[in-house]
Amino acid sequence: MDKSNFPFKGISSVALHAAGKENAEWAHTPPIYATSTFTFDTAKQGMERFAGIEKENIYSRWGNPTFKVAEQTIAALEAFGLDDGQGRPLQLKALLHASGQAAMTTMLMCNLQAGDKLLSHYSLYGGTYELMHKVLEPNGIKPIIVDMRQIGQVEESILRNKIKLIHIETPANPTIQCVDIEAITALAKQHGIIVTVDNTFATPYLQQPFKFGVDFVFHSTTKFLNGHGTAIGGVLIGKDIEFMKTRAWKWHALLGGNANPFDAFLLSQGMKTLELRMDRHCQNAERVAAFLSESGHISHVNYTGLPSHPDHDLAKRQMLRFGPMLSFELKGGLEAGMRFIDRLKMCVRAVSLGTADSLLSHPASMTHYGVPRDERIRFGITDGLIRMSVGIENIEDILNDLEQAMN
Ligand SMILES: *Cc1c(COP(=O)(O)O)cnc(C)c1O
């Protein structure tokens, strides 16, 4: 079935039908190709596959049909409705990895080398922050961290340093700060700087960074793309197809962070319901944010859907909805926060996010434990801050659980 010219009108159709389903046994659900290697009929065929004349599978670290289904789906979701600037549908290529960290490593390493500088925002996923400072920096790649919501700080840093790459994470963990993708990308492009975006919190349903001219998009597929918390995974997506097939693919293969067929299969199942899940996640999060902001027990709520959030207008401009993630501070700080978490009866105490059920965590003692306290506080991660990934349960049950835990 050739769907390349079918004009999909909605993202659920893309999630369900964009990837090729062809397989030798006519299975409706693409099979799990649990195999490390692939066979050749003849030596000549082997040679032609290595030479790239026959574009078939060779070895699963370099690619596997189960990965391909997930990769084609993600590329189609990120490209949905966008054009390449010349009136043609945007073409993207995705490389599936074992984890978000593996995809982040490929993304940064294939674009940077010793002597290069990268610029990023101070509120970042903990693993990204540590990768930049503990792995890249000792190897000669210097991370420069500014408040990227202040465009003047970005400009000043670009003029003062020779920046090779700008990494944006928006909305950012766990304060739900947003960075203006369009403004930063426009500035970066004037200076020939590569732009990468971590789109994990939003998913391509809520935000499509390629619309604003960015070069690469990254996801931890562990989160909302998988949607059920059944597998770790990550993906790197690029619009320079030649670069993706050569340098990015090579770095991916040599660093060895390939996905595995079982996890890729789980990811593909999860993505089928992305739109349905995200709409319910967002609807519930809006209700939770309203409830918390009216509660006498809460001193502060970070949710871009609230007009009081400093990035409310920006989020409205660059996202379809405000997303499923929020954080809040209980009056009484650390002690009250820990007591609240302990008293939850239905919502789950766990780090991570993007599962169908609601998860709550305490960044200061969990995800951001590795970040020095003074820096953490500067990032807005106060001692009593609680992060919530709002699930798709019945909203009354979520609100009742939060309420009983506070009293
Ligand atoms: C989870 C996460 C990562 C890292 O992904 P893993 O799948 O855990 O390796 C990176 N960025 C963001 C925003 C995340 O939430």
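The numbers attached to residues start from 1 for each chain and follow its sequence in the written order. Given that the model is predicted, a residue must reach a pLDDT of at least 70 before its local features are reported, and side-chain atom pairs must reach 80 or more before they are shown or counted; all residues, however, enter totals for whole chains, interfaces and linings. For side-chain calculations, the full set of non-hydrogen atoms in the structure is used, while hydrogens and water are omitted.

Engineer: Which residues make up the overall build of the chain, and what are the values?
Structural biologist: Scanning the chain from N- to C-terminus turns up 15 helices and 12 strands. Here the chain has a C-alpha radius of gyration of 22 Å; the compact-globule value for 407 residues is 22 Å, and the two agree. Each principal axis of the C-alpha atoms in the chain carries an extent, and together these give about 75 × 50 × 40 Å. Any two residues whose heavy atoms approach within 4.5 Å at even a single point are treated as in contact. Across the chain, contacts joining residues at least 24 apart in sequence account for 72% of those joining residues at least 6 apart. Positive and negative side-chain charges of the chain, numbering 40 and 43 respectively, have mean locations separated by a distance of 3 Å. Numbering of helices and strands runs from the N terminus; a helix is a DSSP stretch of H or I covering at least four residues, while a strand is a stretch of E covering at least two. Atoms counted for the radius of gyration: C-alpha only. Globule rule: 2.2 Å times the number of residues to the power 0.38. Charged-residue counts in this description rest on Lys and Arg as positive and Asp and Glu as negative, His and the chain ends being excluded. The atom standing in for a charge is NZ when the residue is Lys, CZ when it is Arg, CG when it is Asp and CD when it is Glu.

Engineer: I'd like a rundown of the site of the ligand, residues and numbers included.
Structural biologist: To be near a molecule or strand, a residue needs just one of its heavy atoms within 4 Å of it. Taken together, 15 residues lie near the ligand, and Gln-101, Asp-198, Ser-220, Thr-222 and Lys-223 sit nearest. Pairing of N or O atoms within 3.5 Å defines a polar contact, subject to two protein rules: one partner must be a possible hydrogen donor and the other a possible acceptor, and residues neighboring in sequence count only if both atoms are side-chain atoms. Separating an oxygen atom of the ligand from a side-chain N or O atom of Ser-220 is a distance of 2.8 Å. Thr-222 has a polar side-chain atom sitting 2.7 Å from an oxygen atom of the ligand. Note on areas: Shrake-Rupley, 1.4 Å probe, and residue coverage restricted to the protein chains presented here. Expressed as a share of its isolated accessible area of 380 Å², the protein-covered part of the ligand is 94%. Secondary-structure elements contributing two or more residues to the shell around the ligand are helix 4 (100-109) and strand 6 (216-220). Tallied by class, the residues present in the shell around the ligand amount to five nonpolar, seven polar and three charged. Only Asp, Glu, Lys and Arg are considered charged in this grouping, and only Ala, Val, Leu, Ile, Met, Phe, Trp, Tyr, Cys and Pro are considered nonpolar; every other residue, Gly among them, is considered polar.

Engineer: Residues and numbers for the packing of aromatic side chains, please.
Structural biologist: Each aromatic ring pair is specified by the distance between its two centres and by the angle formed by the two planes. Classification of ring pairs uses Phe, Tyr and Trp, with its six-membered ring standing for Trp, and accepts pairs whose centres are within 6.5 Å; under 30 degrees between planes counts as stacked, over 60 as edge-to-face, and the remaining range as tilted. Following the criterion strictly, the structure yields seven aromatic pairs and no others. Both rings, one in Phe-6 and one in Phe-8, keep their centres 5.4 Å apart while their planes meet at 65°; by these two values the pair is edge-to-face. Judged by centre distance (6.3 Å) and plane angle (70°), the rings of Trp-62 and Trp-249 are edge-to-face. Of the two residues, Trp-62 is situated in the loop between helix 2 (43-50) and helix 3 (65-79) and Trp-249 in helix 9 (residues 241-255); the sequence distance between them amounts to 187 residues. To sort residues, take the accessible area from a 1.4 Å probe on protein chains only and compare it with the maximum for the residue type: under 20% means buried, over 50% means exposed, and anything in between is partly exposed. For Trp-62, a relative accessible area of 29% puts it in the partly exposed group. A residue is classified by how much of its surface remains accessible, and Trp-249, at 24% relative accessible area, is partly exposed. Grouped by ring-pair contacts, the aromatic residues Phe-50, Tyr-59, Trp-62 and Trp-249 constitute a single cluster. A ring is scored as having a charge over it whenever the NZ atom of a lysine or the CZ atom of an arginine sits within 6 Å of its centre and within 35 degrees of its normal. In this structure, Arg-247 packs its charged tip against the face of Trp-251, placed 4.2 Å from the ring centre.

Engineer: Let's hear about the domain arrangement of the chain: which residues, and what values?
Structural biologist: Looking at the chain, the domain boundaries give domain 1 (11-271) and domain 2 (274-406). Each of domain 1 and domain 2 has a C-alpha centre, and the two are 27 Å apart. Contacts between the two partners involve 39 residues from domain 1 and, on the opposite side, 42 residues from domain 2. Here's the idea: put two parts together, see how much 1.4 Å probe accessible area each one loses, and the total over both is what we call buried area. Both sides of the domain 1 and domain 2 interface together cover about 3,300 Å² of buried area, and 62% of this is carbon and sulfur. Marked domain ranges trace back to an automatic or database domain assignment.

Engineer: Account for helix 15 (residues 395-406), naming residues and giving values.
Structural biologist: What a helix is expected to span follows from its residue count: subtract one and scale by 1.5 Å. An ideal rise of 1.5 Å per residue puts 16 Å on 12 residues; helix 15 measures up with 17 Å between its terminal C-alpha atoms. Of all the residues in helix 15, the buried ones are Ile-395, Ile-398, Leu-399, Asp-401, Leu-402, Ala-405 and Met-406. Seen along its axis, helix 15 keeps its buried residues to an arc of 160°; they face one direction. Buried residues in helix 15 make contact with helix 11 (274-294), strand 8 (298-302), strand 9 (325-330), helix 13 (333-343), strand 11 (359-361) and strand 12 (385-389). A side-chain oxygen of the first residue of helix 15 lies 2.7 Å from the backbone nitrogen of Glu-396; this N-cap is Asn-394. Directions from the helix axis toward the C-beta atoms define the arc.

Engineer: How would you sum up the sheet that holds strand 8? Please name residues and give values.
Structural biologist: Following DSSP output, two strands are said to pair if at least two bridges run between them. Spatially, 8-9-12-11-10 is the arrangement adopted by the five strands of the open sheet, whose pairing is mixed. What marks the edges here is a single partner per strand, and that holds for strand 8 and strand 10 (348-349). Pairing between strand 8 and strand 9: four bridges, direction antiparallel. Paired with Ile-298 across the bridge in strand 9 is Leu-330. Of the strands in this sheet, strand 8, strand 9 and strand 12 are in contact with helix 11, which crosses strand 9 at around 15°. Angles shown run from 0 to 180 degrees and are taken between the N-to-C directions of axes, each axis being a line fitted to C-alpha atoms and, for helices, limited to the stretch in contact.

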